Amino acid sequence: MKPMKVCFVRHGEIPSNVLKVYSGRSQEALNENGVLQAHAVGEKFSARSIEAIYSSPLCRTMQTAEIIASYTLAPIIEQNCFIEMQMGPWEGKSEQEIEETYPDKWKLWNTMPAELSLAGRETLNELQDRVIDGLQCINSKKHESGVIIVTHVAVIRVAMLYAAGVSLNQYKTVHVPNGQVFEMELNLP
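Let me begin by describing the structure that accompanies this report. What you see is a predicted model, and the numbers here were worked out from it, not measured in a lab.

## Section: the sheet that holds strand S4 (residues 146-151)
Then step 1. A sheet is described by the order of its strands in space; here five strands give the open sequence S3-S2-S4-S1-S5, paired in mixed fashion. Sheet topology places strand S3 (76-78) and strand S5 (181-186) at the edges, where each strand pairs with a single neighbour. Ignoring which end each strand starts from, the neighbouring axes of this sheet average 25° apart.
Then step 2. By the bridge criterion, five bridges tie strand S2 (residues 50-55) to S4 in an arrangement that is parallel.

Structure representation (structure tokens):
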């Protein structure tokens, strides 16, 4: 079976990104810089044949997808498999607050993130399984031209680690800035 080629796009910047707050599944909208980032991505894809844009249903990803679609004219398909990681008790808290409130869990998250288990919070293994399920669904549709997936940092990180065949404990080593494109080939089960 040939590898699936896909372009992941991290949504444009939101205020929580600037403040280093775990926005999780909040419906926060793009800030001014995030809108500019989304237009820059749209321009990159304007000359390419894009058959579909799959997007997490959250406001920031849908806004990013809508801006990209204005350049590509591709339809947007909401896909829950690519929604942000469920953060549980960490959602809406800053990195500093989490470090102070959950010092042992914070240390584990920054050293062995795949080992972190916290009530109400999705594990990296659960997240990766969900993302692979979503990719298999897209792959089964046999798109003839390009596919874009507009999503979140955690989703892109676990997909990149899967594609590279690398441990999820390398999660924190993957740099995924806002409004960036990540093209990859994945061998799906």
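## Regarding the packing of aromatic side chains
Then step 1. Enumeration over the complete set of coordinates arrives at six aromatic pairs.
Then step 2. Ring plane angle 75° and centroid distance 6.5 Å describe the contact between Tyr22 and Trp106, whose orientation is recorded as edge-to-face. Of this pair, Tyr22 sits in the loop between helix H1 (15-19) and helix H2 (32-45) while Trp106 sits in helix H5 (residues 103-111); the two residues are 84 residues apart in sequence, bridging distant segments of the chain. Note on accessibility: Tyr22 and Trp106 belong to one class, buried.
Then step 3. Between Trp90 and Trp106, the ring centres sit 6.1 Å apart and the planes meet at 50°, which makes this aromatic pair tilted. Here Trp90 is found in the loop between S3 and helix H4 (95-101), whereas its partner Trp106 is found in helix H5, with 16 residues between them in sequence.

## Section: a negative patch on the surface
Then step 1. Among the surface-exposed residues, Glu95, Glu97, Glu99 and Glu100 lie close enough to one another that they form a single negatively charged patch.
Then step 2. With respect to the helices and strands, the residue Glu99 is situated in helix H4.
Then step 3. Judged by its relative accessible area of 44%, Glu99 falls in the partly exposed class.

## Considerations on the packing of H2 against helix H3 (residues 59-72)
Then step 1. Look at H2 against H3: their axes get within 8 Å of each other, and the N-to-C directions meet at 35°. Crossing geometry of H2 relative to H3 is assigned as right-handed. For the pair formed by H2 and H3, the contact residues are Val35, Ala38, His39, Val41, Gly42, Glu43 and Phe45 on the first element and Thr64, Ile67, Ile68, Tyr71 and Thr72 on the second.
Then step 2. Counted by class, the contact of H2 with H3 contains seven nonpolar, four polar and one charged residues.

Each value, and the rule that gives it
Residues numbered from 1 in each chain as written. Predicted model: local features only at pLDDT ≥ 70, side-chain atom pairs only at ≥ 80, totals over all residues. Heavy atoms only, no water. Pairing = 2+ DSSP bridges. Helix = DSSP H or I, 4+ residues; strand = E, 2+ residues; numbered from the N terminus. Axes fitted to C-alpha atoms, helices over the stretch in contact; angles between N-to-C directions. Phe/Tyr/Trp six-rings, centres within 6.5 Å; stacked < 30°, edge-to-face > 60°. Buried < 20%, exposed > 50% of the residue type's maximum accessible area, 1.4 Å probe, protein only. Patch = residues over 30% accessible without salt bridge, like charges linked within 9 Å, V, L, I, M, F, W, Y side chains within 5 Å. Areas by Shrake-Rupley, 256 points an atom, 1.4 Å probe, with all protein chains shown as cover. Salt bridge = Lys/Arg side-chain N within 4 Å of Asp/Glu carboxyl O. Lys, Arg positive; Asp, Glu negative; His and termini not counted. Charge placed at Lys NZ, Arg CZ, Asp CG, Glu CD. Left-handed = near helix turned anticlockwise from the far one by under 90°. Contact = heavy atoms within 4.5 Å. Nonpolar A, V, L, I, M, F, W, Y, C, P; charged D, E, K, R; others polar.

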